[in-house]
Amino acid sequence: MDANKNATASISGLNQCQDIFTKTVSNGGMILGFILAFSLSNVVHHILKPLSQPRLTSDIAIGLFLGNIPYIRDSFNENWVLTLTNIAEFGMMFYVFVLGIEMDPYVLLKPPTRDAIVAYSGMLSTFILACSITPFLHFTEKSNIGFTFTLSFTLSGSGSHILTRIITNLKIGKSDIGKLVINAGVHSDMISMLFLSVGFIIVNKESNADDVNSRIKQMVKMMSALIIQTVFTAKISPIFMNWVNNENPEGKPMKGPHLVLSVAFMVLVCSCSPWFGYSPILSAFMAGIFLPSEGRVSKWAVGKINYLLTTLFYPIFFFWVGYHADFRKFEGANWMAWARFFFLLLITMAGKIVGTLICGVILGFQWKESVELGLLLTPKAHFHIFMATLGVVNKSTSVTTSIEAIVVFFLTVVHAPSVVKQIIERARKRVPTRRMTLQGLDPTNELRILLCLQGPQNVSSAINFMEISRGAAEPGILVYVSDMIEITDQIAATMVHDEGMNSIIVTDKEVTKTRDEITNTFQAYVDENGNGITLRRTLAVSSLNSMAQDICVLAEDLMISLIILPFHKTQRPDGTMDGGHPGFRYVNRKVLRNAPCSVGILVDRGFGMIGKISRSQVCLVVAVIFIGGRDDREALTYASRVARHPGVKLTVIRFLLDTNPENASRRATGFRINVAEQELEMKLDDECFAEFYERQVAGGHVAYMEKHLANSAETYSTLRSLEGQYALIIVGLGGRVNSVLTVGMNDWQQCPELGPVGDVLSGPNFSVRTSVLIIQQHNQKGELDGLDDDFSVM
């Protein structure tokens, strides 16, 4: 007996151990699935970022992948699946609630705008196409009008949340087509959600009971509850929200009781109609759409909910989607399954395109823009994927049908970035963009220069710069002289807003006196020597943090080709440079990064003390150093203007790499060279220099020297050998592609904003009588590669 008891106890213990082991393995699979869902979705999202894919793309891919791993799938029991479904439905309530808050239902009461017409036409054509075709594809075993209408409205809508994110990330949100797509997407999403919300009352299971009276009774009850909820939300919520917003002004933390009351109010308005059998998810949308979108409470709710959705809910949601999209149950051998898939994709794409083409004819769009509008309005979002998965959960559709819908919705998203890039490329060809550079300047157009001054100490050098830059009298130069004034409390109190170029006038006596003196000095020069020079006065008065932005905006508005900034250090009487103004140094560096045109920094070391530059005899010896790169090409282009001045003797010094095999041991080694890029730059350098040589050097106007060097050390020693020979040296800031002759010189730079060559020539060890002009060519490549973000193609 004891032996039997012991054996029974042992068997029972083994069974318990086996159960514990099974539960541990099962829990391990679930935990692994959740961990991978959170981590891989972030990893894949960063991998796909260069392709401009939204996070939805990576989330769907990871969800489908993890949900179909056997080890992870087998670890879920019915309770866990039910819990996951409840989490998905609960999170979707928050998603549609925020979606509703960001929409304005009252636009439906206004005359339809252009974006509304685009949205309605795309929806109508897609709905008609879907209703005509889907009944013949047998998505369900029995013919179901409710399913057909639900699927048609789902296909007719657009994922406005995803669409807005794509358009914004690709920087076309300010363009005419970007604004049109975003607004049309919101219209389309709102209309489809409203129809689904109303249609639920008719097609839900409880309303389809056999008893007609019970069906009507249930429909009336839900309709009444929904109307009461809608009216209550529309009328009461603005009053309540305004009271909370007034009690909690911007800049102060929200009061705890008001925050609790706000959350309770939102929960109340969302839960009214579900008490009478209405869908909690659609009820949340109907409540959100009639809540005020402005105010601290709404913005706080949207921000917090979006953060929770992105960080916590979406990985779980798509893991749930992947679990129910069991690819093992996909009927791949059935040709009808593939027919349904391709027809579903065709309906989604073709329906929108046909609608936008028709309204494009009415509104006068080009057919390419109409097709692109249709393609951009096809993307579906989280709610559409939720609807597709819900069919499997409720057993109203097969797994195959759900997988087909999910994959189709996935494919409607991935093409959007490519369409946007095509729009940008075509807009770039259609919209002329002017390169604000000296090298790209039309010779028949005047040169526009923005000459910035820190104070009266820069006036003499600025006038001499104007003199040598004047070129021919036709077309001449247009110079805007701008004072860089740091704003103080005293100056701010004397500022008056005006219209025109001088939108701000400073009435401070000291500032006014200084500006008048500067203006009189420049005007006297122009009156006496200003043949071909047009002078204008401007003002940049702001804090040092925003002064660079003001200068860049001014240069863009005035279509400037060259900004000239004074060096932040000033020369003392003994020839040395002072410590300089760090604030103006910050301004110079920021202008170099953000300027809409070429920029030059003038280091004045006696250039302003030359006096009047004669036009009858040579009195100024200038050199331009050419190593290679776009900045050196810009410097050479500017030097060609200087060479035309009769009082200037210009020498161009070209630094060339010594290719003599006997000197191979002296060449720098151990750094990478982009051969293709270097060959392209060398070709551009040779073309630019050949043109300059033919026009200037061959005619005897400019002297020419060549220096064959092997490394940056020889470059440095050659620069030092120029000491005292020239009153002004013109160099490029940088822009050189892996130049052997300057590599390593950045390591000991004192002022990186002057470039390696400019820093050496401006250093304390160089001649105190040699001024330096460092030029940076404008690089038009930006977010849209030279195209303004508010471009127009419609």
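Because the structure is predicted, anything quoted here is derived from the model rather than measured.

Caption draft 1: The overall build of the chain, seen in detail. Looking only at helices and strands, the chain has 26 helices and twelve strands in total. Put simply, 81% of the contacts in the chain that link residues at least 6 apart link residues at least 24 apart. Accessible surface for the chain amounts to roughly 37600 Å². Of this, 59% is attributable to carbon and sulfur atoms.

Caption draft 2: Just the sheet that holds strand E12 (residues 771–776), in detail. Strand order in the open sheet formed by ten strands is E5-E2-E1-E6-E7-E12-E11-E8-E9-E10, and the pairing between neighbours is mixed. The open sheet has two edge strands, strand E5 (533–542) and strand E10 (702–709), and neither has a second partner. Taken pair by pair, the neighbouring strands of this sheet meet at an average axis angle of 20 degrees, ignoring direction. Where helix H23 (residues 630–642) meets the sheet, its contacts fall on strand E1 (447–453), strand E2 (477–486), strand E7 (598–603), strand E8 (620–626), strand E9 (648–657), strand E11 (728–732) and E12, and the angle it forms with E11 comes to roughly 145 degrees.

Caption draft 3: Structural detail: the state of the cysteines. Applying the stated criterion across every chain yields a total of zero disulfides. Between Cys452, a free cysteine, and Cys552, which holds the nearest cysteine sulfur, the sulfur-to-sulfur gap is 9.4 Å. Cys597 takes part in no disulfide bond, and the closest cysteine sulfur to it belongs to Cys552, at a distance of 7.7 Å. When its relative accessible area of 1% is taken as the criterion, Cys597 is described as buried.

Caption draft 4: Representation of the confidence of the model for the chain in the model. Confidence in the prediction for the chain averages 83 pLDDT; 88% of positions are at 70 or higher. Ignoring residues within four places in sequence, the model shows residues 3–11, a span with pLDDT below 50, making zero contacts including any to other chains. Below a pLDDT of 50 lies the segment residues 13–26, which in the model reaches two contacts outside its immediate sequence neighbourhood of four places, other chains included.

Caption draft 5: Summary view of H23. In a regular helix each residue adds 1.5 Å, so 13 residues correspond to 18 Å; H23 covers 19 Å between its end C-alpha atoms and thus fits that length. With twelve of 13 residues buried, H23 lies mostly within the body of the structure. Within the sequence span of H23, burial applies to Asp631, Asp632, Arg633, Glu634, Ala635, Leu636, Thr637, Tyr638, Ala639, Ser640, Arg641 and Val642.

Caption draft 6: Expanded view of the packing of helix H4 (residues 78–101) against helix H11 (residues 280–289). Two elements in contact, H4 and H11, have axes separated by 7 Å at closest approach and are oriented at 20 degrees. By the angle between their directions, the pair H4 and H11 is classed as roughly parallel. For the pair H4 and H11, the sense of crossing is right-handed. Every residue of H11 that contacts H4 at Glu89, Met92, Met93, Val96, Phe97, Gly100 and Ile101 is listed here: Pro280, Ile281, Ala284, Phe285, Gly288 and Ile289. Of the residues that constitute the contact of H4 with H11, the class distribution is ten nonpolar, two polar and one charged.

Caption draft 7: Expanded view of the side chain of His568. Along the polypeptide, His568 turns up in the loop between strand E6 (562–566) and helix H22 (582–594). Of the residues examined, His568 reaches a relative accessible area of 4% and is grouped as buried.

Caption draft 8: Quick look at the side chain of Ser402. Looking at the secondary structure, you find Ser402 in helix H16 (residues 399–414). Residue classification places Ser402 among the buried positions, given a relative accessible area of 1%. Every residue in contact with Ser402, bar those within four places of it in the chain, is listed here: Ala388, Thr389 and Val392.

Caption draft 9: Summary view of the pairing of E1. Summarising burial for E1: six of the seven residues are buried, a large majority. Bridge analysis of E1 against E2 gives seven bridges, and the strand direction is parallel. Looking across to E2, one finds that Arg448 is bridged to Leu478. Of the pairings in the sheet, the one linking E1 to E6 comprises three bridges and is parallel in character. Residue Leu451 lies in a different strand from E6, and its bridge partner there is Ile564.

Caption draft 10: Just the packing of aromatic side chains, in detail. Under the counting rule described, the total for this entry stands at 25 aromatic pairs. Arranged with centres 4.6 Å apart and planes meeting at 20 degrees, the rings of Phe240 and Phe265 form a pair that is stacked. On the criterion of sequence distance, the pair formed by Phe240 in helix H9 (residues 212–247) and Phe265 in helix H10 (residues 256–270) is long-range, its members being 25 residues apart. In this structure Phe240 comes out as buried when scored by relative accessible area, which is 17%. With a centroid separation of 5.0 Å and an interplanar angle of 75 degrees, the aromatic rings of Phe317 and Phe318 are classed as edge-to-face. Its end group placed over the ring of Tyr323, Arg73 keeps NZ or CZ at 4.5 Å from the ring centre. In this structure, Arg654 packs its charged tip against the face of Phe689, placed 4.5 Å from the ring centre.

Caption draft 11: Spotlight on the nonpolar core. Core analysis: the largest hydrophobic core is formed by 114 residues, its most contacted members being Phe317 and Phe383. Per element, the largest residue contribution to this core is 14 residues, and it comes from helix H12 (residues 296–324). Excluding residues that lie within four positions of it along the chain, Phe383 makes contacts with Met92, Tyr95, Val96, Met193, Leu196, Ile281 and Leu282.

Caption draft 12: Unusual backbone geometry, seen in detail. For Ser52, which is not glycine, the phi torsion reads 60 degrees and is therefore positive. Following the sequence through the fold, Ser52 ends up in the loop between helix H1 (2–48) and helix H2 (55–67). The partly exposed category is assigned to Ser52, whose relative accessible area is 21%. The phi dihedral of Met559 falls on the positive side, at around 55 degrees, and the residue is not glycine.

Caption draft 13: Here's a closer look at the packing of H12 against helix H15 (residues 382–393). Contact geometry for H12 and H15: axes closest at 10 Å, N-to-C directions at 40 degrees. One finds that H12 runs oblique with respect to H15. Here the hand of the crossing between H12 and H15 comes out left-handed. Between H12 and H15, the contacting residues are Tyr314, Phe317, Phe318, Trp320, Val321 and His324 on the first element and His382, Ile385, Phe386, Thr389, Val392 and Val393 on the second.

Caption draft 14: Inspection of the pairing of E6 at higher detail. Counting buried residues in E6 gives five out of five residues, a clear majority hidden from the surface. Residue alternation in E6 divides its side chains into two sets, Leu562, Ile564 and Pro566 and Ile563 and Leu565, and both sets are buried. Note: E6 against E7, five bridges, orientation parallel. Looking at E7, one finds that Leu565 is bridged to Ile601. Following the backbone out of E6, through H22 and into the adjacent parallel E7, one traces a crossover that is right-handed.

Caption draft 15: Spatial organisation of the environment of Asn246. Along the chain, Asn246 falls in helix H9. For Asn246, a relative accessible area of 63% gives the class exposed. Along the primary structure Asn246 and Arg296 are separated by 50 residues, whereas in three dimensions their C-alpha atoms are 9.4 Å apart.

Criteria and thresholds
- Residues numbered from 1 in each chain as written.
- Predicted model: local features only at pLDDT ≥ 70, side-chain atom pairs only at ≥ 80, totals over all residues.
- Heavy atoms only, no water.
- Helix = DSSP H or I, 4+ residues; strand = E, 2+ residues; numbered from the N terminus.
- Contact = heavy atoms within 4.5 Å.
- Areas by Shrake-Rupley, 256 points an atom, 1.4 Å probe, with all protein chains shown as cover.
- Pairing = 2+ DSSP bridges.
- Axes fitted to C-alpha atoms, helices over the stretch in contact; angles between N-to-C directions.
- Disulfide = S-S within 2.5 Å.
- Buried < 20%, exposed > 50% of the residue type's maximum accessible area, 1.4 Å probe, protein only.
- pLDDT = per-residue confidence, 0-100.
- Expected span 1.5 Å × (residues − 1).
- Parallel < 35°, antiparallel > 145°, perpendicular 65-115°, else oblique.
- Left-handed = near helix turned anticlockwise from the far one by under 90°.
- Nonpolar A, V, L, I, M, F, W, Y, C, P; charged D, E, K, R; others polar.
- Phe/Tyr/Trp six-rings, centres within 6.5 Å; stacked < 30°, edge-to-face > 60°.
- Lys NZ or Arg CZ within 6 Å of the ring centre and 35° of its normal.
- Core = buried A, V, L, I, M, F, W, Y, C linked by side-chain atoms within 4.5 Å.
- Right-handed = clockwise from strand over helix to strand, strands pointing away.

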